[in-house]
Amino acid sequence: MKKVLRYLGGILLFLFNATIIFILSNTIALKTPIGWQFLLWILFVVIQVCPSFFHHCLKTARLRNSAAGCELLGLFLVSTMGSIVYHVLILCGKLPGKGWPLVINILMVFFIELVTFWNGIIRIYITSQQLGMRWRMLGAVCGMIPVVHLIVLGKLLSVVITEIRFENDKFMKNEARSGEQICATKYPILLVHGVFFRDFRYLNYWGRIPKELEANGAQIFYGNHQSAASVADSAEELSERIRQIRKETGCEKVNIIAHSKGGLDCRYALSKCGIAENVASLTTINTPHRGCEFADYLLTKIPEKQQQAVANGYESVLKKLGDPNPDFLKAVYDLTASRCKERNEEIKDVPGVFYQSVGSKLNVASGGRFPLNFSYRLVNYFDGANDGLVGEQSFPWGEKFTMLRVEGKRGISHGDMIDLNRENIKAFDVREFYVGLVADLKKRGY
């Protein structure tokens, strides 16, 4: 009943505010008395600051600001349409009005609606995480194209309203189960990034996932290793990191969740670097355990001189970002199918450590962001169904394997599995997936 009353109240307030903006915009044509005009201006300022007090039910200031922006854009659309109809009736002789007063009235409408529109659009551009650069750019480019700008504005509102509902429901869900601490595992979680990325300084590799896990009781640490190095070198770095975490926290072991090449690094560390007794579990996410056939092909086709030029450029940048000794080519060669086959014969799973793996499928090339939309077809040719980088047959490892698929054109990409683009995918809630993953580790006693 409360929701129904709030909904009806919100509609009534919206219609009241739209009427205020319409009357204020057309005070000259309507010949509104000065006293009423003064009151209307006060109400207009109040509307611009706080278009609705029904947004207080939203759990965060960001969502409340997004909702206020949507409300203002809705008021802009309704009051603008009202003013257009009103002026058409005047021009058709159905309502009184002509000459300079009508021109001034039109300018007044333009000014009032401009303020309302920009107040709303700036709010959603600043607060929304789901609009992304694409819709922001489309909004800017199409803003002055008649009819098209209304279609784009409708899409912007749809995206932001969906985001508000989704994020508020998620916040309430975490709030309701906060006492359960379902992700409070016996041992802390160590998140290990993949190749060509970092998880400390300048970049949050795991998107919104760590915060979601911490909200449900998890203790999170990061690998803090270089962005590109051989599997053996990365394994040594991660082993030292695990010893450091144990020393700092006093914990006996850690649970590792490793993405992409990070899974190969961790398997090597467990087998060869003497830290197996410090690890309770290893969960690999979209890891190419059997390598990538397309990498073998590319390395045979691209001349060594060009390979080295790319490597030099990459390494010079990463050294400036803090990597002491990045090695681009060693990292790439260790991802080939031939090298992975050799390494799989060399390193073995360690008894007493729980190994499990996860993979996902990108349904079509256009479902992935650049460069995955480009690499998808290449990987598909050599490795079959894939996530944009890694073939489906390369994912499985350990006692348990989970393959993630969703219906529709999009699918779940290599980047989606670490929330790289902070995108709410319709059929796959990546944050809730990790909550379930860690909750399962807790149930297993890890």
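First, a word on scope: everything that follows refers to the structure included in this document.

Scoring rules and cut-offs
All chains use their own residue numbering, which begins from 1 and follows the written sequence. Since the coordinates come from a predicted model, pLDDT governs what is reported: local features require at least 70, and pairs of side-chain atoms require 80 or more to be given and counted, while whole-chain, interface and lining totals use all residues. The side-chain quantities take in all heavy atoms of the structure and omit both hydrogens and water. Runs of H or I in DSSP of at least four residues are treated as helices and runs of E of at least two as strands, each being numbered from the N terminus. Radius of gyration: over C-alpha atoms. The globule rule applied is 2.2 Å multiplied by the number of residues raised to the 0.38 power. Two residues qualify as a contact provided that any one of their heavy atoms is within 4.5 Å of a heavy atom in the partner residue. The protein chains shown are the only cover counted for residues, whose accessible areas, like all others here, come from Shrake-Rupley with a 1.4 Å probe. Buriedness of a pocket was judged along seven lines, with at least five required to meet protein on both sides within 12 Å; pockets are open sets of points on a 1 Å grid over the protein atoms alone, cavities are sets where a 1.4 Å probe fits but cannot get out, and lining residues have an atom within 4 Å of a point. Grid points are joined across faces, edges and corners, and a volume is the space filled by probe spheres set on the points. When residue character is reported, Ala, Val, Leu, Ile, Met, Phe, Trp, Tyr, Cys and Pro are called nonpolar, Asp, Glu, Lys and Arg charged, and the others, Gly included, polar. Note on patches: the residues involved have over 30% relative accessible area and no salt bridge, like charges join within 9 Å, and the nonpolar side chains Val, Leu, Ile, Met, Phe, Trp and Tyr join within 5 Å. Take a side-chain nitrogen of Lys or Arg and a carboxyl oxygen of Asp or Glu: if they are within 4 Å of each other, that pair is a salt bridge. Only protein chains enter the accessibility calculation, which uses a 1.4 Å probe; a residue whose area is less than 20% of its type maximum is buried, one above 50% is exposed, and one in between is partly exposed. At least two DSSP bridges between two strands are required for those strands to pair. Axis definition: a line fitted to C-alpha atoms, over the contacting stretch in the case of helices. Angles run 0 to 180 degrees between N-to-C directions. For the handedness criterion, the strands are oriented away from the viewer, and a crossover whose path from the first strand over the helix to the second runs clockwise is classed as right-handed. Each aromatic pair joins two rings of Phe, Tyr and Trp (for Trp, the six-membered one) with centres within 6.5 Å, and gets the label stacked for planes under 30 degrees apart, edge-to-face for over 60, and tilted for any other angle. Each nonpolar core is a collection of buried residues, namely Ala, Val, Leu, Ile, Met, Phe, Trp, Tyr and Cys, held together in the definition by side-chain atoms within 4.5 Å. Relative orientations are named as follows: roughly parallel for angles under 35 degrees, roughly antiparallel for angles over 145 degrees, roughly perpendicular for angles from 65 to 115 degrees, and oblique for any other angle.

Section: the overall build of the chain
Of the regular secondary structure elements, the chain holds 16 helices and six strands. On C-alpha atoms alone, the chain measures out to a radius of gyration of 28 Å, which is more than a quarter above the 22 Å that the 2.2 N^0.38 rule sets for 446 residues. Its C-alpha atoms put the chain at 90 × 55 × 40 Å along the principal axes. Residue pairs in contact within the chain that sit at least 24 positions apart in sequence constitute 78% of those at least 6 positions apart. Accessible area of the chain: about 22300 Å², with a carbon and sulfur share of 64%.

Regarding empty space enclosed by the protein
Per the counting criterion, the structure on display carries three cavities of 30 Å³ or more. There is about 50 Å³ of room inside the largest cavity. Looking at the largest cavity, the residues that line it are D416, D419, L420, N421, R422, E423, I425, F428 and V430. The class makeup of the residues in the lining of the largest cavity is four nonpolar, one polar and four charged.

Considerations on a nonpolar patch on the surface
Judged by side-chain polarity, V4, Y7, L8, I11 and L15 come together as a nonpolar surface patch covering roughly 480 Å² of accessible area. Relative to the helices and strands, V4 resides in helix 1 (residues 2-25).

A look at the environment of V46
Within the fold, V46 resides in helix 3 (residues 34-49). The class for V46 is partly exposed, based on a relative accessible area of 47%. The spatial distance from the C-alpha of V46 to the C-alpha of G99 is 32 Å, given a sequence separation of 53 residues.

Considering the sheet that holds strand 3 (residues 254-259)
With parallel pairing, the six strands of this open sheet are ordered in space as 2-1-3-4-5-6. At either end of the open sheet lies a strand with only one pairing partner, and these are strand 2 (220-222) and strand 6 (400-404). Each strand of the sheet is rotated relative to its neighbour by a mean of 20°, with strand direction disregarded. As paired strands, strand 5 (residues 354-360) and strand 6 are joined by five bridges and run parallel to one another. Directly across from Q356, in strand 6, lies its bridge partner K400. Along the sheet, helix 9 (residues 231-249) makes contact with strand 1 (189-192), strand 2, strand 3 and strand 4 (279-285), crossing strand 2 at roughly 145°.

Side note on the pairing of strand 1
The alternating pattern of strand 1 places I189 and L191 and L190 and V192 on opposite faces, both of which are buried. Here strand 1 runs beside strand 2; their pairing, made up of three bridges, is parallel. Counterpart to L191 in the pairing with strand 2 is Y222. Note: strand 1 against strand 3, four bridges, orientation parallel.

Quick look at the pairing of strand 4
Of all seven residues in strand 4, seven are buried; the element is thus mostly enclosed. Both strand 3 and strand 4 contribute to a ladder of six bridges, which runs parallel. Directly across from I256, in strand 4, lies its bridge partner L282. With helix 10 (residues 261-272) bridging strand 3 and its parallel neighbour strand 4, the resulting β-α-β unit is right-handed. Sheet topology places strand 4 next to strand 5; five bridges connect them, and they run parallel. Following the sheet pairing, T283 is matched in strand 5 by Q356.

What about the packing of aromatic side chains?
Here the structure, examined in full by the defined rule, presents 14 aromatic pairs. Both rings, one in F22 and one in Y86, keep their centres 5.7 Å apart while their planes meet at 80°; by these two values the pair is edge-to-face. Within this pair, whereas F22 is found in helix 1, its partner Y86 is found in helix 4 (residues 61-91), the two being separated by 64 residues in sequence. Ring centres of W41 and F44 lie 5.9 Å apart, and the angle between their planes is 85°; this geometry places the pair in the edge-to-face category.

Quick look at the environment of V350
Relative to the helices and strands, V350 resides in the loop between helix 14 (337-346) and strand 5. The spatial distance from the C-alpha of V350 to the C-alpha of L77 is 63 Å, given a sequence separation of 273 residues. Residues contacting V350, with those up to four places away along its chain left out, are L270, S271, A276 and Y355.

Side note on the nonpolar core
Most often, soluble globular proteins have nonpolar side chains that are buried together. By size, the foremost hydrophobic cluster in this structure holds 39 residues, and its most contacted members are I256, L270 and V279. Taken together, the elements giving at least two residues each to this core come down to strand 1, helix 9, strand 3, helix 10, strand 4, helix 12 (304-320) and helix 13 (328-333). Contact partners of I256, with chain neighbours within four places excluded, come to L190, V192, I242, C266, V279, S281, L282 and T283. Core analysis: the next-biggest nonpolar cluster, separate from the first, contains 29 residues, I209, I220, I285 and F433 among them.

With respect to the pattern of salt bridges
The tally for this structure, following the rule as stated, stands at 21 salt bridges. A salt bridge links K170 to E432; the shortest N-O distance between them is 3.7 Å. Taken together, the residues span a long stretch of sequence, with K170 in helix 7 (residues 148-176) and E432 in helix 16 (residues 430-443) at a distance of 262 residues. Two residues, R343 and D334, come together in a salt bridge whose shortest N-O distance is 3.6 Å. As far as burial versus exposure is concerned, R343 and D334 are alike and both buried. One network of salt bridges, with partners in common, ties together K170, K173, R177, E212, D429 and E432.

Digging into the packing of helix 9 against helix 10
At a closest axis distance of 8 Å, the pairing of helix 9 and helix 10 adopts a crossing angle of 70°. In terms of orientation, helix 9 lies roughly perpendicular with respect to helix 10. Along its contact with helix 9, which presents V231, A232, S234, A235, L238 and S239, the element helix 10 presents K261, L264, D265, C266, Y268 and A269.

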